[in-house]
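The lines below spell out each chain.
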Amino acid sequence: GQQLNQSPQSMFIQEGEDVSMNCTSSSIFNTWLWYKQDPGEGPVLLIALYKAGELTSNGRLTAQFGITRKDSFLNISASIPSDVGIYFCAGLLNNNDMRFGAGTRLTVKP
Amino acid sequence: DTGVSQDPRHKITKRGQNVTFRCDPISEHNRLYWYRQTLGQGPEFLTYFQNEAQLEKSRLLSDRFSAERPKGSFSTLEIQRTEQGDSAMYLCASSQGFNQPQHFGDGTRLSIL
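What you are looking at is a predicted structure, and each value in this text was computed from that prediction instead of being measured.

A word on the interface of chain B and chain A
Point 1. At the interface, 24 residues of chain B touch 22 residues of chain A.
Point 2. Summing the contributions of chain B and of chain A, the shared interface buries around 1700 Å²; its carbon and sulfur component is 49%.
Point 3. When the area that chain B buries against chain A is broken down by residue, the three leading residues are B:Asn99, B:Pro101 and B:Phe104, summing to 28%.
Point 4. Our count for the contact surface shared by chain B and chain A stands at zero salt bridges.
Point 5. Put simply, chain B and chain A have four residue pairs in polar contact (both at pLDDT 80 or more) between them.
Point 6. For the side of chain B that touches chain A, the elements supplying multiple residues, two or more each, are strand 4 (31-37), strand 5 (44-50), strand 9 (88-95) and strand 10 (103-104) of chain B.
Point 7. In terms of residue count, strand 4 of chain B provides more of the side of chain B that touches chain A than any other element does, four residues in total.
Point 8. Of the residues belonging to the side of chain B that touches chain A, the class tally is ten nonpolar, ten polar and four charged.

Encoded structure:
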């Protein structure tokens, strides 16, 4: 099946640092999405990207939909302690089937 | 709160028992999805509905699993004759239509003893 390779698996950073994570796939997706999940809760949508090359920001978060439609990255600037959590990329296929990466676990040290 | 609601939040049961979970989507959303998530992994697609019609099922959805959305509003996911491997978080999501972002509930965590 279509697999999303998300990296890095985990990151340990100091408060105030910038963070970058990415997702790649061998398949083409119609839409890329980024979610954040806290322990015991469901994923919360951060950013949705609909067009190849699209660059979208949401506060300190910026994400881009790769030109080839096979990759996406998420940047977090000036990290704060509440950014801690697991970040998932997700790609939406033609049939509305959404595939997730394995997640990037972010730890922010105050 | 007008988000996706799931009930119960936690379910502990013995192997071999049947369990049923409920999902109430965001009211104006016509699409509803079920996912399963195991520790350290992203959610895996199980099935989705457009209104009351179940349009797709993953091969992960064995014949012990059944999902319904009888009136196109809330949905139920039933697992019959539960097995140890069914232990997971079961997530529900809804969206307004094709290619629209999916919004998730907080899930039902199932533990099989």
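Side note on the pattern of salt bridges
Proximity of charged atoms lets side chains of opposite charge pair with each other.
Point 1. Within this structure, the stated rule accounts for five salt bridges over all chains.
Point 2. Note that A:Asp38 and A:Lys36 form a salt bridge whose closest N and O atoms lie 3.0 Å from each other.
Point 3. Judged by relative accessible area, A:Asp38 falls into the partly exposed class, the value being 28%.
Point 4. Exposure remark for A:Lys36: the relative accessible area of 13% places this residue in the buried category.
Point 5. Here A:Asp83 makes a salt bridge to A:Arg60, at a shortest N to O gap of 2.8 Å. Placement of the pair is A:Asp83 in the loop between strand 8 (71-76) and strand 9 (85-92) and A:Arg60 in the loop between strand 6 (55-58) and strand 7 (61-65), with a sequence separation of 23 residues.
Point 6. Here the salt bridges do not stand alone but share partners, grouping B:Arg64, B:Glu83 and B:Asp86 into one network.

A closer look at the sheet that holds strand 1 (residues 4-7) of chain A
All names here are of chain A.
Point 1. Strand order in the open sheet formed by five strands is 1-3-8-7-6, with antiparallel pairing between adjacent strands. The sheet is open, and its two borders are formed by strand 1 and strand 6, each paired with just one other strand. Each neighbouring strand pair of the sheet contributes to a mean axis angle of 15 degrees, computed without reference to strand direction.
Point 2. Alignment of strand 7 against strand 8, held across five bridges, turns out to be antiparallel. Residue pairing in the sheet places Thr62 in a bridge with Asn75 of strand 8.

Details of the packing of aromatic side chains
Point 1. Using the criterion set out here, one finds twelve aromatic pairs over all chains in the structure.
Point 2. Relative to A:Phe100, the ring of A:Phe88 has its centre 6.2 Å away and its plane inclined at 85 degrees; by these criteria the two rings are edge-to-face. One end of the pair, A:Phe88, is in strand 9; the other, A:Phe100, is in strand 10 (residues 98-100), and twelve residues separate them in sequence.
Point 3. Looking at A:Phe100, the relative accessible area reads 11%, which means it is buried.
Point 4. Between B:Tyr35 and B:Phe45, the aromatic rings sit 6.0 Å apart at their centres with planes inclined by 75 degrees, giving edge-to-face as the arrangement. Placement of the pair is B:Tyr35 in strand 4 and B:Phe45 in strand 5, with a sequence separation of ten residues.
Point 5. Overall, B:Phe45 belongs to the buried group, its relative accessible area being 7%.
Point 6. An aromatic cluster is present here, built from A:Tyr35, A:Phe88, A:Phe100, B:Tyr33, B:Tyr35, B:Phe45, B:Tyr48 and B:Phe104 joined pairwise through their rings.
Point 7. Here B:Arg22 stacks its cationic end above the ring of B:Phe74, 3.9 Å away from the centre of that ring.

Scoring rules and cut-offs
Residues numbered from 1 in each chain as written. Chains lettered and ligands numbered in written order. Predicted model: local features only at pLDDT ≥ 70, side-chain atom pairs only at ≥ 80, totals over all residues. Heavy atoms only, no water. Contact = heavy atoms within 4.5 Å. Buried area = accessible area lost by both parts, 1.4 Å probe. Salt bridge = Lys/Arg side-chain N within 4 Å of Asp/Glu carboxyl O. Polar contact = N/O pair within 3.5 Å; in protein donor to acceptor, adjacent residues only side chain to side chain. Helix = DSSP H or I, 4+ residues; strand = E, 2+ residues; numbered from the N terminus. Nonpolar A, V, L, I, M, F, W, Y, C, P; charged D, E, K, R; others polar. Buried < 20%, exposed > 50% of the residue type's maximum accessible area, 1.4 Å probe, protein only. Pairing = 2+ DSSP bridges. Axes fitted to C-alpha atoms, helices over the stretch in contact; angles between N-to-C directions. Phe/Tyr/Trp six-rings, centres within 6.5 Å; stacked < 30°, edge-to-face > 60°. Lys NZ or Arg CZ within 6 Å of the ring centre and 35° of its normal.

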